[in-house]
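Structure assessment
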Amino acid sequence: MAGARDLTIGNPAGGSTTKTGAFTIKTDFDVTGLTPPGRPQGYNGTIAINGSGFTGTPTVLLNDATGITLGAVTVDSPAKLTLPIQVASNAPTTARNVSITVGGVTKDCTGCLKIGANPTVTSIAPTTASGGGPASNTSLTGPSFASGAHAYLERAGQPPIALTGTSVTVPAQISVLFAHTNAPPGKCTVRVTTPARA
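The rules behind these values
- Residue positions are given per chain, counted from 1 along the sequence in the order it is written.
- Two thresholds apply to this predicted model, a pLDDT of at least 70 for residue-level local features and 80 or more for giving and counting side-chain atom pairs, whereas whole-chain, interface and lining totals are computed over all residues.
- By convention in this description, side-chain values take in all heavy atoms of the structure and omit both hydrogens and water.
- The disulfide criterion is simple: two cysteine sulfur atoms within 2.5 Å.
- A simple rule labels every residue: compare its accessible area, found with a 1.4 Å probe on the protein chains alone, to the largest value its type can have, and call it buried under 20%, exposed over 50%, or partly exposed in between.
- In these notes, a set of buried Ala, Val, Leu, Ile, Met, Phe, Trp, Tyr and Cys residues joined through side-chain atoms within 4.5 Å is what counts as a nonpolar core.
- Strands here mean DSSP runs of E at least two residues long; helices mean DSSP runs of H or I at least four residues long; both are numbered from the N terminus.
- In this analysis, two residues are considered to be in contact whenever any of their non-hydrogen atoms come within 4.5 Å of each other.
- For Phe, Tyr and Trp, where Trp contributes only its six-membered ring, two rings pair if their centres lie within 6.5 Å, and the inter-plane angle classes them as stacked under 30 degrees, edge-to-face over 60, or tilted in between.
- Two limits define a charge over a ring: the Lys NZ or Arg CZ must be within 6 Å of the ring centre, and within 35 degrees of the ring normal.
- DSSP bridges decide pairing: two strands pair if at least two such bridges lie between them.
- For the purposes of these results, a polar contact is taken to be a pair of N or O atoms within 3.5 Å, where, inside protein, one atom must be able to donate a hydrogen and its partner to accept one; residues adjacent in sequence count only when each atom of the pair is a side-chain atom.
- Axis angles are defined between N-to-C directions and span 0 to 180 degrees, where every axis is a line fitted to C-alpha atoms and, for a helix, only to the segment in contact.
- We count a salt bridge whenever a side-chain nitrogen from Lys or Arg sits within 4 Å of a carboxyl oxygen from Asp or Glu.

Brief notes about the state of the cysteines
Counted by the stated rule, this structure contains one disulfide. The disulfide partner of Cys109 is Cys112, and the gap between their sulfur atoms is 1.6 Å. Handedness here is read from the sign of the S-S torsion; for Cys109 and Cys112, about -45°, the answer is left-handed. Like Cys112, Cys109 is buried.

So this is what it looks like as structure tokens:
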């Protein structure tokens, strides 16, 4: 078990002396990465740190914490830490180094935490479709799209309609397949969600 140890020395003829905390046993551990590898601007939640040998009360620091607030880390298992993280809406979209300290040993995960920009939809084409008709292709344009993005049509009082067959041309365009067979007539809001990225 990691931690400080007392050192006791005794003479053959009798007598001994003890030095409290003279020797420290350190823990060895590994960090393999984060899940997910990043979070978007404006995020408030948690992120998982993966590895092995996590014990005790680890601490986590960033080489650049601009716009990022970290909470107290929790040891879920020897292979996983959970870290509360809050990202400001204007946090710089740069990769950060993550330093984890366990039992007096510190290891760095270089560029492990990526902060992604929030996606913005600037246009959609076409802007209309016939309800009850067949599926149609729709093109969304805007900055900061990323692989793994999902698009939805939303309207008050109606369940959201997921756009399927998503194809992302990073970072400025998304092509989707909109199945509007059961969609009621009316104007909808287009919402795009995208995973955090560098």
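Regarding the nonpolar core
Among the nonpolar cores identified, the biggest contains 23 residues, and Ile49, Val98, Ile100 and Leu113 are the most heavily contacted of them. It is strand β11 (residues 105–116) that provides the largest number of residues to this core, a total of five residues. If we skip the residues at most four places from it in the chain, Ile49 touches Val31, Gly33, Leu34, Phe54, Val60, Ala79, Lys80, Leu81, Leu83 and Ile100. Counting ten residues, the second largest nonpolar core, distinct from the first, contains Ala149, Leu163, Phe178 and Val192.

Brief notes about the packing of aromatic side chains
Applying the stated criterion to the full structure yields one aromatic pair. Above the plane of the ring of Phe29 lies Lys107, whose end atom (NZ or CZ) is 5.2 Å from the centre.

Topic: the pairing of strand β8 (residues 74–77)
Pairing analysis gives three bridges linking β8 to strand β9 (residues 80–87), with the strands arranged antiparallel. Looking at the pairing, Thr74 lines up with Thr82 of β9. In sequence, β8 turns back onto β9 through a hairpin of two residues.

Describing the side chain of Ser99
Tracing the chain through its elements places Ser99 in strand β10 (residues 95–102). Within the local environment of Ser99, its side chain forms a polar contact with the side chain of Asp108, the two groups lying 2.4 Å apart. Each residue touching Ser99, except ones within four places of it in the same chain, is listed here: Thr59, Val60, Leu61, Thr106, Lys107 and Asp108.

Thoughts on the sheet that holds β11
In space, the four strands of this open sheet follow the order β4-β11-β10-β6, with mixed pairing throughout. Of all strands in the sheet, those bounded by a partner on one side alone are β4 (38–40) and β6 (59–62). The average undirected angle you get between the axes of adjacent strands in this sheet is 30°. As paired elements, β4 and β11 share three bridges and run parallel to each other. Its bridge partner being in β11, Pro40 is matched across the sheet by Gly116.

Structural notes on the environment of Thr120
Its location among the elements puts Thr120 in the loop between β11 and β12 (123–125). For the pair formed by Thr120 and Val192, sequence separation is 72 residues and the distance between their alpha carbons is 7.7 Å. Setting aside chain neighbours within four positions, we find Thr120 in contact with Thr141, Gly142, Pro143 and Phe145.

Details of the pattern of salt bridges
Under the definition given, this model contains two salt bridges. The partner of Asp30 in a salt bridge is Lys107, with the nearest N and O atoms 3.4 Å apart. Of this pair, Asp30 sits in strand β3 (residues 30–35) while Lys107 is found in strand β11, placing the two residues 77 residues apart along the sequence. We classify Asp30 as partly exposed; its relative accessible area is 42%. Of the residues examined, Lys107 reaches a relative accessible area of 22% and is grouped as partly exposed. Notably, a salt bridge pairs Glu154 with Arg191, separated by 2.9 Å at the nearest N-O pair. One end of the pair, Glu154, is in strand β14 (residues 150–155); the other, Arg191, is in strand β17 (residues 189–193), with 37 residues separating them in the sequence. Relative accessible area serves as the criterion here: at 41%, Arg191 is assigned to the partly exposed category.

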